[in-house]
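# Summary of structural features
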Amino acid sequence: MDKRATMIDVAERAGVSQATVSLVLNGVPNARVSKATRRRVIEAAEDLGYRKGKGHPVPEGRARVIGLLIDEVTTTPFAAPFIEGARDEAALEEVTVATFCTRSDPVLEKAAVELLTAQKTLGIIYASLITRQIVAPDYLSGLPVVLLNCHEKKLRYASVVPSDIAGGYMATEALLKAGHRRIAHLKGEEWLEATVDRENGFRQAMAHWGVPIDENLVIPGGWTMAAGRKLARQLLSRPQPPTAIFCFNDRMAIGAYEAARSAGFRIPEDLSVVGFDDEDLVSYLEPGLTTMVLPHNEMARWAVGHLLDSYGSADAADRVQKVKIECELVPRASIAAPRA
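Residues numbered from 1 in each chain as written. Predicted model: local features only at pLDDT ≥ 70, side-chain atom pairs only at ≥ 80, totals over all residues. Heavy atoms only, no water.

When helices and strands are counted, the protein shows 11 helices and 12 strands. Projected onto its principal axes, the C-alpha coordinates of the protein cover approximately 70 × 50 × 35 Å. Each of the 340 residues in the protein was classed as buried or not, and the buried ones make up 53%. Taking the average place of the 40 positive charges on the side chains of the protein and the average place of its 43 negative ones, the gap between the two points comes to 2 Å. (Helix = DSSP H or I, 4+ residues; strand = E, 2+ residues; numbered from the N terminus. Buried < 20%, exposed > 50% of the residue type's maximum accessible area, 1.4 Å probe, protein only. Lys, Arg positive; Asp, Glu negative; His and termini not counted. Charge placed at Lys NZ, Arg CZ, Asp CG, Glu CD.)

Glancing now at the sheet that holds strand β8 (residues 244-247). Here we have four strands laid out as an open sheet, ordered β7-β6-β8-β9, and parallel in their pairing. Two strands close off the open sheet at either side, each with one partner strand: β7 (218-219) and β9 (272-274). Bridge analysis of strand β6 (residues 183-186) against β7 gives two bridges, and the strand direction is parallel. The residue bridging L186 from the neighbouring strand is I219, located in β7. Seen against the sheet, helix α8 (residues 225-236) touches β6, β7 and β8 and runs at an angle of roughly 150° to β6. Strands β6, β8 and β9 of the sheet are contacted by helix α9 (residues 250-262), whose axis makes an angle of about 150° with β8. (Pairing = 2+ DSSP bridges. Contact = heavy atoms within 4.5 Å. Axes fitted to C-alpha atoms, helices over the stretch in contact; angles between N-to-C directions.)

This next bit is on the nonpolar core. Nonpolar side chains in soluble globular proteins tend to be buried together. I66, I125, L148, V160 and W302 are the most contacted members of the largest nonpolar core, which has 44 residues in total. Tallying contributions element by element places helix α10 (residues 296-312) first for this core, with seven residues. Discounting residues that sit within four places of it in the chain, L148 has contacts with L68, F82, I125, Y126, A127, S128, V160, M299 and A300. The next biggest cluster of nonpolar side chains, apart from the first, holds 27 residues, and it includes A194, L235, A253 and A256. (Core = buried A, V, L, I, M, F, W, Y, C linked by side-chain atoms within 4.5 Å.)

Let us now look at the side chain of R198. Along the polypeptide, R198 turns up in helix α7 (residues 193-208). Excluding residues that lie within four positions of it along the chain, R198 makes contacts with D164, G168, H185, F246, F248, N249, F276, D277 and L294.

What follows deals with the packing of aromatic side chains. For the coordinates displayed, the defined rule picks out one aromatic pair. Ring geometry for F246 against F276: centres 6.5 Å apart, planes inclined by 40°, an arrangement best described as tilted. Here F246 is found in strand β8, whereas its partner F276 is found in the loop between β9 and β10 (291-293), with 30 residues between them in sequence. The residues F246 and F276 share a single accessibility class, namely buried. Positioned above the aromatic ring of F248 is the side chain of R198, whose terminal nitrogen or guanidinium carbon lies 4.7 Å from the ring centre. Directly above the aromatic system of F276 lies the positively charged group of R198, at a separation of 3.7 Å from the ring centroid. (Phe/Tyr/Trp six-rings, centres within 6.5 Å; stacked < 30°, edge-to-face > 60°. Lys NZ or Arg CZ within 6 Å of the ring centre and 35° of its normal.)

Of all 12 residues that make up strand β3 (residues 123-134), nine are buried, and the element is covered over most of its length. Here five bridges tie strand β1 (residues 65-70) to β3, and the two strands are oriented parallel to one another. From the neighbouring strand, I70 faces β3, where its bridge partner is A127. The pairing of β3 with strand β4 (residues 145-152) spans seven bridges and is parallel. In the sheet register, Q133 faces β4, and the bridge partner there is H151.

Across a sheet, strands are paired by hydrogen bonds formed along the backbone, either parallel or antiparallel in direction. Read across the sheet, six strands follow the order β2-β1-β3-β4-β5-β11 without closing on themselves; strand pairing throughout is parallel. Edge positions in the sheet fall to β2 (96-101) and β11 (322-326), since each of these pairs with one other strand and no more. Strand after strand, the sheet turns through a mean of 25° between neighbouring axes, direction not considered.

It is worth spelling out α9 at this point. For the α-helix, the turn length of 3.6 residues means that residues three or four positions removed from each other point alike. The end-to-end C-alpha separation of α9 is 19 Å, in line with the 18 Å expected for 13 residues at 1.5 Å each. Buried residues along α9 sit in contact with β6, α8, β8, β9 and β10. Just downstream of α9 lies G264, where phi reads positive at about 85°. (Expected span 1.5 Å × (residues − 1).)

Before going further, it helps to spend a moment on the pattern of salt bridges. Taken as a whole, this structure holds 20 salt bridges when the rule is applied. The shortest N-O distance in the salt bridge between R132 and D71 comes to 3.5 Å. Remark: D71 occurs in the loop between β1 and α4 (79-91) and R132 occurs in strand β3; sequence separation between them is 61 residues. Since its relative accessible area comes to 11%, D71 is described here as buried. With a shortest N-O distance of 4.0 Å, R103 and E72 are connected by a salt bridge. Remark: E72 occurs in the loop between β1 and α4 and R103 occurs in the loop between β2 and α5 (106-118); sequence separation between them is 31 residues. Looking at R103, the relative accessible area reads 63%, which means it is exposed. Overlapping salt bridges, with partners in common, bring together K187, E190, E199, R203 and E215 in one network. (Salt bridge = Lys/Arg side-chain N within 4 Å of Asp/Glu carboxyl O.)

The following block contains the structure:
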């Protein structure tokens, strides 16, 4: 008998992520998927004979529960999309997600894993609010595991992270397309993986467009509004200030807005600004901030889908992969052509 087509099969046929397949086939409202991509997914599903809903076989004696171990829920606004995405994807298969906030405490993590193992649950999604490389603890090995927003060098477990390099490239290219050539980059703190990746994206975009980088306009230093305000003031006080700034995150972009206004610069007439993360607070900015969306909801959906598919497909169970899901540009009113 031919094996049942999975979301992984549909994703490979359509050339998209498993999260995108889930969003399309499950009719998730407000999903950020283009019409062309949606059509490719539907056609691939039809070609493969994919059947959605209750398609994941669960071994007898297994509880329809997935454990979500997350290191923190209050330090950033990103925990909610992880929890909601995992919950919504699991609910499509009548699976419950049990969330444990462990604060990276090995004692709490081990207690949660022991409970999930004793209850014979389907598996564990091990999540980090900050994208980073980890060494997964040995006590995870008793159940199937997917790493969410973190990854291992050894590649023992499948993992899903945002494509920050592509995101940095796209954010910078939005400024280049508008005609900017003197572009500054306010970097995050050096120890953050996202800082390195977004800067790499910035440099790749500038190189692709043949625009030399003024290294004096690439400034490291933080992730807060205060840091963005301080660093942007330094840039704008120079004899030849930049015409555009790509900020590591939205909070630094808000600080850049404040610095620009204090220095008499109008956004976007005198200075274009792009952020990253699409935090809720940027909706209050005037003009609206062009930024990049972190695909945390889609990442969590992919993690759940991959974990469930591992029960119905030997290929999925054996396939250890590091998946990167692209960030999407949200164009608003903070970009304009530079003044002549």
